[in-house]
Amino acid sequence: MGANTQAFDRIKEELGEKNVSLVAVSKTKSNEDILALYQLGQKDFGENYVQELTGKYNGLPKDINWHFIGHLQSNKVKLIAPFVHLIHSVDSPKLLAAIDKEAKKNNRVINCLLQVHIAEEETKFGLNKDELAEILAQGSVTGKDYHHTNVVGLMGMASFTKDEVKLQKEFAFLKSLFDKYVNGGENKLSVLSMGMSSDYKIAMDEGSNMVRIGSLLFGERN
């Protein structure tokens with residue numbers, strides 16, 4: 001199955017009414033599928049694997065905004081640092097430092113989101129609220145520590161469940177952290193990335209302004 005252009009139109013209209021940005025998650029999907037949505041005006045695409053992302057970057061239009069949304073190893077940052085638009089999955093000070101180092105080599109400032117662990121599942125990566133506070137207190141957002149990374153918001157992945165009350169609770173927790181640091185004044189956080197194909201409507205109701213949607217746009221992955 002290729003890109004579902006009818007679903008794309010419906011979702012874009014739905015998100016547009018709430019000023020929510022769409023990242024089309026294109027991992028494992030072909031360049032042709034990506035181009036089908038690109039030609040309808042979609043510019044933001046999300047990938048989970050570094051090698052797949054670099055291959056697509058080389059083979060597709062250069063005005064695409066590539067989002068890295070998977071777990072990122074520090075030693076692979078150099079492969080995407082020349083072009084990545086936004087890294088969603090910064091889950092440690094070590095990774096933030098590695099991104100800053102590689103961004104400097106490329107004479108760039110790379111926008112990043114801090115990934116917060118909000119799910120009850122142990123398989124999800126992310127910072128706990130104390131680790132988040134520690135990174136933000138270090139001044140990385142304001143450039144005191146890092147001059148080539150710009151932390152612009154938070155990202156979270158909810159539990160893989162159909163329990164809407166649990167999902168609502170997890171998203172609300174992340175929104176409360178986001179509000180805390182936005183209202184704190186120093187941190188210029190503007191992006192709250194939460195919600196995927198199965199739960200993006202709940203995430204939007206809880207304050208998400210960026211959603212990551214794959215299967216609704218491209219069909220289930222093999």
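Before any of the text, the structure's been laid out above.
Below or above, wherever it landed, is the structure these notes cover. Given the structure is predicted, the values throughout are model-derived calculations rather than measurements. (Residues numbered from 1 in each chain as written. Predicted model: local features only at pLDDT ≥ 70, side-chain atom pairs only at ≥ 80, totals over all residues. Heavy atoms only, no water.)

Let us now look at helix H3 (residues 50-59). The complete set of buried residues in H3 reads Val 50, Leu 53, Thr 54 and Lys 56. Down the axis of H3, the buried set is contained in an arc of 165 degrees. They therefore lie on one face. Those residues of H3 that are exposed and aimed more than 90 degrees away from the buried face are Gln 51 and Asn 58. On its buried face, H3 sits against helix H2 (31-38), strand S2 (44-47), strand S3 (65-68) and helix H4 (77-80). (Buried < 20%, exposed > 50% of the residue type's maximum accessible area, 1.4 Å probe, protein only. Helix = DSSP H or I, 4+ residues; strand = E, 2+ residues; numbered from the N terminus. Arc of directions from axis to C-beta. Contact = heavy atoms within 4.5 Å.)

A few words now on the side chain of His 88. Residue placement: His 88 occurs in strand S4 (residues 86-90). Among the polar contacts made by the side chain of His 88, one reaches the side chain of Ser 193 at a distance of 3.2 Å. (Polar contact = N/O pair within 3.5 Å; in protein donor to acceptor, adjacent residues only side chain to side chain.)

Once that is clear, we can look at helix H6 (residues 129-137). In an α-helix, one full turn covers 3.6 residues, which means residues spaced three or four apart are oriented alike. Every buried residue belonging to H6 is among Leu 132, Ile 135 and Leu 136, and all of these are buried. Projection of H6 onto a plane perpendicular to its axis shows the buried side chains occupying an angular sector of 95 degrees, all on one side. For H6, the exposed residues set more than 90 degrees away from the buried face come down to Asp 130 and Ala 137. Against the buried residues of H6 lie helix H5 (93-105), strand S5 (110-116), strand S6 (149-156) and helix H7 (164-183). The opening residue of H6, the one whose side-chain oxygen lies 3.0 Å from the backbone nitrogen of Asp 130, is Asn 128.

Attention now goes to the pattern of salt bridges. Evaluation of the coordinates by the stated rule reveals eight salt bridges. A salt bridge links Glu 14 to Lys 201, with the nearest nitrogen and oxygen atoms 3.8 Å apart. Linking Glu 14 in helix H1 (residues 5-16) with Lys 201 in helix H8 (residues 200-205), this pair joins segments that are 187 residues apart in sequence. With a shortest N-O distance of 3.2 Å, Glu 120 and Lys 166 are connected by a salt bridge. With Glu 120 in the loop between S5 and H6 and Lys 166 in helix H7, the pair connects residues that are 46 residues apart, well separated along the chain. Overall, the relative accessible area of 56% leaves Glu 120 in the exposed class. Look at the salt bridges and you will find they share partners, linking Glu 47, Glu 52 and Lys 56 into a network. (Salt bridge = Lys/Arg side-chain N within 4 Å of Asp/Glu carboxyl O.)

Structurally, the position occupied by Thr 5 is in helix H1. In this structure Thr 5 comes out as partly exposed when scored by relative accessible area, which is 33%. Here the alpha-carbon distance between Thr 5 and Ile 99, two residues 94 residues apart in the chain, equals 35 Å.

Turning our eyes to something else, we now look at the environment of Tyr 181. Turning to its location among the elements, Tyr 181 is positioned in helix H7. Look at Tyr 181 and you get buried, because its relative accessible area is 10%. For the pair Tyr 181 and Gly 207, spaced 26 residues apart in sequence, the C-alpha to C-alpha distance is 15 Å.

Attention now goes to the packing of aromatic side chains. The full count for this structure, using the stated rule, is two aromatic pairs. Centre to centre, the rings of Phe 45 and Trp 66 are 6.1 Å apart; their planes meet at 45 degrees, and the pair counts as tilted. Linking Phe 45 in strand S2 with Trp 66 in strand S3, this pair joins segments that are 21 residues apart in sequence. With relative accessibility at 1%, the residue Trp 66 sits in the buried group. (Phe/Tyr/Trp six-rings, centres within 6.5 Å; stacked < 30°, edge-to-face > 60°.)

Core analysis: the largest hydrophobic core is formed by 59 residues, its most contacted members being Phe 45, Ile 80, Ile 87, Leu 114, Leu 132, Leu 154 and Leu 217. For this core, the element with the highest residue contribution is H7, accounting for six residues. With sequence-adjacent residues up to four places away left out, Leu 132 is seen in contact with Leu 114, Val 116, Leu 127, Leu 154, Leu 177 and Tyr 181. By size, the runner-up hydrophobic cluster in this structure holds seven residues, among which are Val 23, Leu 86, Leu 113 and Val 152. (Core = buried A, V, L, I, M, F, W, Y, C linked by side-chain atoms within 4.5 Å.)

In this section: unusual backbone geometry. If you check the backbone angles, Asn 19 has positive phi at about 55 degrees while not being a glycine. Residue placement: Asn 19 occurs in the loop between H1 and strand S1 (21-25). At Asn 107, a residue that is not glycine, the phi angle is positive and equals roughly 55 degrees.

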